[in-house]
Amino acid sequence: MTDKLPLAGIRVVELGTSVAAPYGTWILATMGAEVVKVERPGTGDDCRQWGPPSVSDDFRSFFLVLNAMKKSVVVDFTNEDEVARLRKYIVENADIVVQNLRAGLVEKFGLSADDLMAENPRLIYCHSAAFGTEGPYKDRPGYDPLMQACGGVMSVNGEEGRPPARVGTSIIDMGTGMWNTIGVLTALHQRNATGEGCRVDASLYETALGWMHYHAAGYFGTGVPAKRVGSRAPGIAPYQAFECSDGYLVIAGANDRLFRKMAEALGHPEWCDDPRFASNPTRWENIEALCALMDAVLSQHPRAHWQDKLDAAGVPNAPTQSIDEAVAHPQTLALGMLQETDDQIFKLLGLPLRFDGNRPPQPIGPPALGEHTKEILGD
Amino acid sequence: MATAQPLAGLRVIEIGASVAAPYGAWILAELGAEVIKVERPGKGDDARHWGPPFWQDMAAMFLAINRHKKSITVDMRDDAERARLRTLILKTADVVIQNMRPGKVEALGLGAEALRAEKPSLIYCNMGAFGKQGPFRDRPGYDPLMQAFGGLMSVTGEAGRPPVRVGTSIMDMGTGMWAAIGILSALRERDGTGAGTTVDASLYETSIGWMTTHIAKFGIDGAVPGRHGSGVAGIVPYQAYECADGFLVVAAGNDALFAALAGVLDLPHLTEDARFKGNPDRVENVDALNALIVPVFRTQPRAHWQDKLDAAGIPCGPTQSTAEVLDHPQTRALGIVQENPVGGPALSGLPLSFGGVRPELTRGGPAIGEHNDEIFGDPRLET
């Protein structure tokens, strides 16, 4: 790679709110694209209001991580001149549009894929929808927790016999932002060959189904839907979180060799001679008995004690860290995942990717509402 | 655009096993790239054996993330076979994607530096466990360990209960998505300059990436986020409620929606109760509120409440099982479940469409070494 970022020179217009579209364009901005975020006057993106906590009234936590490195312009969609000015800007300057506005809005303002691509056939237009562009639910709004529920993610998450649990981060919203990015980058490569743009469609619901990819294959193979198994991995034992005296440790004794090493490290080599634990299938069958024995031993000492013993024996393991532990861990720091803007106001998490060994930096924080209106759209 | 094969003509060599690298390469295969999977003779990729269920000796999980690929076998201990793979890459490949254990590809002479020195246009993607630097750089990584170590388990599940693992491999699959994003960006650059790039992604970086909003909050106020079961922090009522036949997630995120919910449940006094006046009050008195709401939801099935909540404009959705999701009219309308023309189970497609067309399912997974003759018989390799 040259010293330029891989998307230098690409211009993106984001007609987006909340998480999904802004997360996708944050990825593009961090990889070097110029991203122009279009917001309504006054309150701007809803996400600006989501908090606490906040660095200031303008920059609450959600907004700042999703919008660093972008420019902000305000457009009053009730004003025809302002909408016309935005349309002209897109047609003349943009390579990519990403939008996740409510169903029907872009059509109303003449900013749909058909409208814009008719005037600029090179344009790549990404619609990041809720339930997709067809089907009985195509006009329903979508939210991450509802999509985790109706997309099946909650049915495989949590403990059997307990209420469903939501994945504690927005994997549907952020995942859709990632699919948006995969879609527009693919279209960009194709445009290089053909000169033609393309409409890219992604949606929260399809992303949820995407997370169920191998569960779907399993269901079609067996007719039995997957269940919730707590911290366990279905069919593998022992492979789960165990409670030590100061917290939980995940231990992966996923095959006979590792099980033997683990039993020795825990001081109970005789477990390997127990016919109930002779092979993975029998261990899975007798998992409650196995867990009872392991719990009694592991609860005697803190995580670090067992980690040392398991590491020495070569048995994969990891503590269940909280956020404060994860961000302060030497591994996180060594990777340079935590970045600071040049003005030292914002601490941000970097892209989980490197190009020729370099993680794209984030020298510029999120924009104030309308900070770049004049620069981008003129007077 | 008329085609849903936007990466047609691109050749990708996958030196990968298990989930992360195969899933990343699967995305590229769905987009039209020719993906050649390198497997060891005999057993091949471990994931072939991760069943039941099996179809033609392929576990369902393997089939799901290896369809549309070609398979060649290479015995890495055999100098001549390794040299042949090296020649294949140097003469014909655009992209290499690998997730062997740390140091392995370099030891085999197939690392990024060695190959790109001879072929500067090559895009080479390493998918590691804990990343390239740091005290853990040589440790192996597995999806559940990364869910624990990166902090995700600390925010998933119910407070006061044991940790739960997210029931799908979001570290492995997420890393596959990041690899695809990195490779496609590098491709865009190569289209302009002709130069390739080394892309590095890892399970641990992906796991930290999933925590971005939590980490931002923590960085500002220093409060360690907890676990909220089916709910989200700071909004009440916003969780799964048990109905007569299963759970329904109800999202009454503001005062107007809460008033509407009180109407639907026929509990009008809720809106007059000072404990439930504004969202902060409801957050503080969530147990008292749920004590009143929970018994009402239990009296009727999900469809009953969903109709009423829909009519009142309150966002809601049932917690569907895999079976219910796949059978839902919305899923069917989108055409994301694809029948396999060569038989075997139906499979879910890419959650993306191009020009309104989703990439089709045309071929299942390859048998081990099925394409050895085709790929290694290429006359370009002789010159």
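Residues numbered from 1 in each chain as written. Chains lettered and ligands numbered in written order. Predicted model: local features only at pLDDT ≥ 70, side-chain atom pairs only at ≥ 80, totals over all residues.

Chemist: Honestly, the overall build of chain B in this entry has me stumped. Any pointers?
Modeler: Scanning chain B for helices and strands turns up 16 helices and 14 strands. Among the 383 residues that make up chain B, the fraction classed as buried is 55%. Taking the contacts inside chain B whose residues are at least 6 apart along the sequence as the reference set, 67% of them involve residues at least 24 apart. (Helix = DSSP H or I, 4+ residues; strand = E, 2+ residues; numbered from the N terminus. Buried ≥ 20, exposed ≤ 12 C-beta atoms within 10 Å, placed from the backbone. Contact = placed C-beta atoms within 7 Å.)

Chemist: Whenever I open this one, the overall build of chain A confuses me. Can you help?
Modeler: Helix and strand counts for chain A stand at 16 helices and 14 strands. Across its three principal axes, chain A shows a C-alpha extent of roughly 80 × 50 × 40 Å. Out of the 379 residues in chain A, the part that is buried amounts to 55%. Contacts in chain A between residues at least 24 apart in sequence constitute 67% of all its contacts with a sequence separation of at least 6.

Chemist: Before we go on, may I ask you to explain the interface of chain A and chain B in this structure?
Modeler: A common way to express how large an interface is: the accessible area buried when the components associate. On the side of chain B, 118 residues touch chain A, which itself brings 116 residues to the contact. Here the element with the most residues in the side of chain A that touches chain B is helix α7 (residues 171–194) of chain A; it accounts for 13 residues. Grouping the constituent residues of the side of chain A that touches chain B by class yields 68 nonpolar, 34 polar and 14 charged. As defined by bridge partners, strand β14 (residues 354–355) of chain A adjoins strand β8 (residues 198–202) of chain B across 2 bridges and the pair is classed as antiparallel. Following the sheet pairing, A:F355 is matched in β8(B) by B:V199. (Nonpolar A, V, L, I, M, F, W, Y, C, P; charged D, E, K, R; others polar. Pairing = 2+ DSSP bridges.)

Chemist: Where do I start with the sheet that holds strand β6 (residues 95–98) of chain B in this structure?
Modeler: Sheets are built from strands that pair by backbone hydrogen bonding, the pairs being arranged parallel or antiparallel. Pairing in this open sheet of 7 strands is mixed, and the strands run β14(A)-β8(B)-β7(B)-β6(B)-β1(B)-β2(B)-β5(B) from one edge to the other. Two strands lie at the open edges of the sheet, namely β14 of chain A together with β5 (69–73) of chain B, each paired on one side alone. Sheet strands touched by helix α1 (residues 20–30) of chain B: β1 (11–15), β2 (34–39), β5, β6 and β7 (123–128) of chain B. Its angle to β1(B), the strand with the most contacts, is close to 165°. (Axes fitted to C-alpha atoms, helices over the stretch in contact; angles between N-to-C directions.)

Chemist: I keep staring at the packing of helix α10 (residues 256–265) of chain A against helix α13 (residues 303–313) of chain A and nothing clicks. Help me out?
Modeler: Between two packed helices, what matters for the description is the angle formed by their axes and the separation of those axes. Residue and element names in this part refer to chain A. Following both chains from N to C, one finds α10 and α13 inclined at 140°, their axes separated by 9 Å at the closest point. By the criterion of interaxial angle, the relationship of α10 to α13 is oblique. Note that α10 runs across α13; the crossing there is right-handed. For the pair α10 and α13, the contacting residues are K261, M262, E264 and A265 in the first and K309, L310 and A313 in the second. Taken together, the residues of the contact of α10 with α13 break down into 4 nonpolar, no polar and 3 charged. (Parallel < 35°, antiparallel > 145°, perpendicular 65-115°, else oblique. Left-handed = near helix turned anticlockwise from the far one by under 90°.)

Chemist: Would you mind going over α1(B) with me for this structure?
Modeler: Given 3.6 residues to a turn, an α-helix orients residues that are three or four positions apart in the same direction. Among the 11 residues that make up α1(B), 11 are buried, leaving the element largely enclosed by the rest of the structure. One or two positions beyond α1(B), positive phi appears at B:G32, with a value near 110°.

Chemist: Would you mind going over the pairing of β2(B) with me for this structure?
Modeler: Remember that side chains alternate between the two faces of the sheet whenever the strand is regular. Residue and element names in this part refer to chain B. Along β2, 6 of the 6 residues are buried, which leaves the element largely enclosed by surrounding structure. The alternating pattern of β2 places E34, I36 and V38 and V35, K37 and E39 on opposite faces, both of which are buried. Where β1 lies against β2, 4 bridges are found, and the strand directions are parallel. Bridge pairing links R11 to E34 in β2. Taken together, β1, α1 and β2 constitute a β-α-β crossover, and its handedness is right-handed. With 5 bridges connecting them, β2 and β5 associate as parallel partners. What sits directly across from V38, in β5, is I72. (Right-handed = clockwise from strand over helix to strand, strands pointing away.)

Chemist: What's the story with the pairing of strand β8 (residues 198–203) of chain A in this structure? I'm lost.
Modeler: Of all the 6 residues making up β8(A), 6 are buried; the element is thus mostly covered by neighbouring parts of the structure. Alignment of strand β7 (residues 124–129) of chain A against β8(A), held across 6 bridges, turns out to be parallel. Bridge pairing in β8(A) places A:Y125 opposite A:R199. As paired strands, β8(A) and strand β14 (residues 353–354) of chain B are joined by 2 bridges and run antiparallel to one another. Bridging across to β14(B), A:V200 finds its partner in B:F354.

Chemist: Is there a simple way to explain the packing of α1(B) against helix α7 (residues 170–193) of chain B in this structure?
Modeler: Residue and element names in this part refer to chain B. α7 packs onto α1 with a crossing angle of 45° between their chain directions and a minimal axis gap of 7 Å. With respect to each other, α1 and α7 are oriented oblique. Our pair here, α1 against α7, has a crossing hand that is right-handed. Facing A20, Y23, G24, I27 and L28 of α1, the residues of α7 in contact are D172, M173, T175, G176, M177, A179, A180 and I183. Partitioning the contact of α1 with α7 into residue classes produces 9 nonpolar, 3 polar and 1 charged.

Chemist: Hey, could you run me through the sheet that holds strand β9 (residues 239–244) of chain A in this one?
Modeler: All names here are of chain A. Judged by pairing direction, the sheet is antiparallel, and its 3 strands sit side by side in the order β9-β10-β11 without closing on themselves. Whereas interior strands pair on both sides, the edge strands pair on one side only; in this sheet they are β9 and β11 (317–319). Neighbour-to-neighbour, the strand axes of this sheet turn through a mean angle of 25°, independent of strand direction. Pairing between strand β10 (residues 247–252) and β11: 3 bridges, direction antiparallel. Looking across to β11, one finds that I251 is bridged to N317.

Chemist: Quick question: what am I supposed to make of the nonpolar core here?
Modeler: Soluble globular proteins tend to pack their nonpolar side chains together in the buried interior. Grouped together as the largest cluster of nonpolar side chains are 236 residues, with contacts concentrated most on A:V97, B:L28, B:V96, B:C125 and B:I183. For this core, the leading source of residues is α7(B), giving 12 residues. Discounting residues that sit within four places of it in the chain, B:V96 has contacts with B:I13, B:I15, B:I89, B:L115, B:L122, B:Y124 and B:C125. (Core = buried A, V, L, I, M, F, W, Y, C linked by C-beta atoms within 7 Å.)

Chemist: What exactly am I supposed to notice about the environment of A:P141 here?
Modeler: You can see A:P141 is positioned in the loop between β7 and α6 (144–150). Among the residues examined, A:P141 registers 14 C-beta atoms within 10 Å and is labelled partly exposed. Each C-alpha atom of the pair A:P141 and A:L204 lies 9.9 Å from the other, and the pair is 63 residues apart in sequence. Non-local contacts of A:P141, meaning those with residues more than four positions away in its chain, are made with A:R102, A:A130 and B:P315.

Chemist: Which parts of the structure should I look at to understand α10(A)?
Modeler: All names here are of chain A. All buried positions along α10 are accounted for by F259, M262, A263 and A265. Looking straight down α10, one finds that the buried residues subtend no more than 160° of arc, so they occupy a single side. Lining the buried residues of α10 we find β10, α11 (280–285) and α13. Positioned one or two residues after α10, G267 has a phi angle of 85°, which is positive. (Arc of directions from axis to C-beta.)

Chemist: Any chance you could explain unusual backbone geometry here in plain terms?
Modeler: Trans peptide bonds make up the majority, and among non-glycine residues the majority have a negative phi. Here the amide bond leading from A:A237 into A:P238 is cis, since omega sits at -10°, within 30 degrees of zero. Take A:P238: it is sitting in the loop between α9 (213–222) and β9. With omega at -5°, the peptide bond leading from B:V236 into B:P237 counts as cis. Structurally, B:P237 is set in the loop between α9 (212–221) and β9 (238–243). Positive phi, normally seen in glycine, also occurs at A:S18, with a value near 65°. Look at B:D57: it is not a glycine, yet its phi comes out positive at around 70°.

By themselves, these observations are geometric and do not establish any function.
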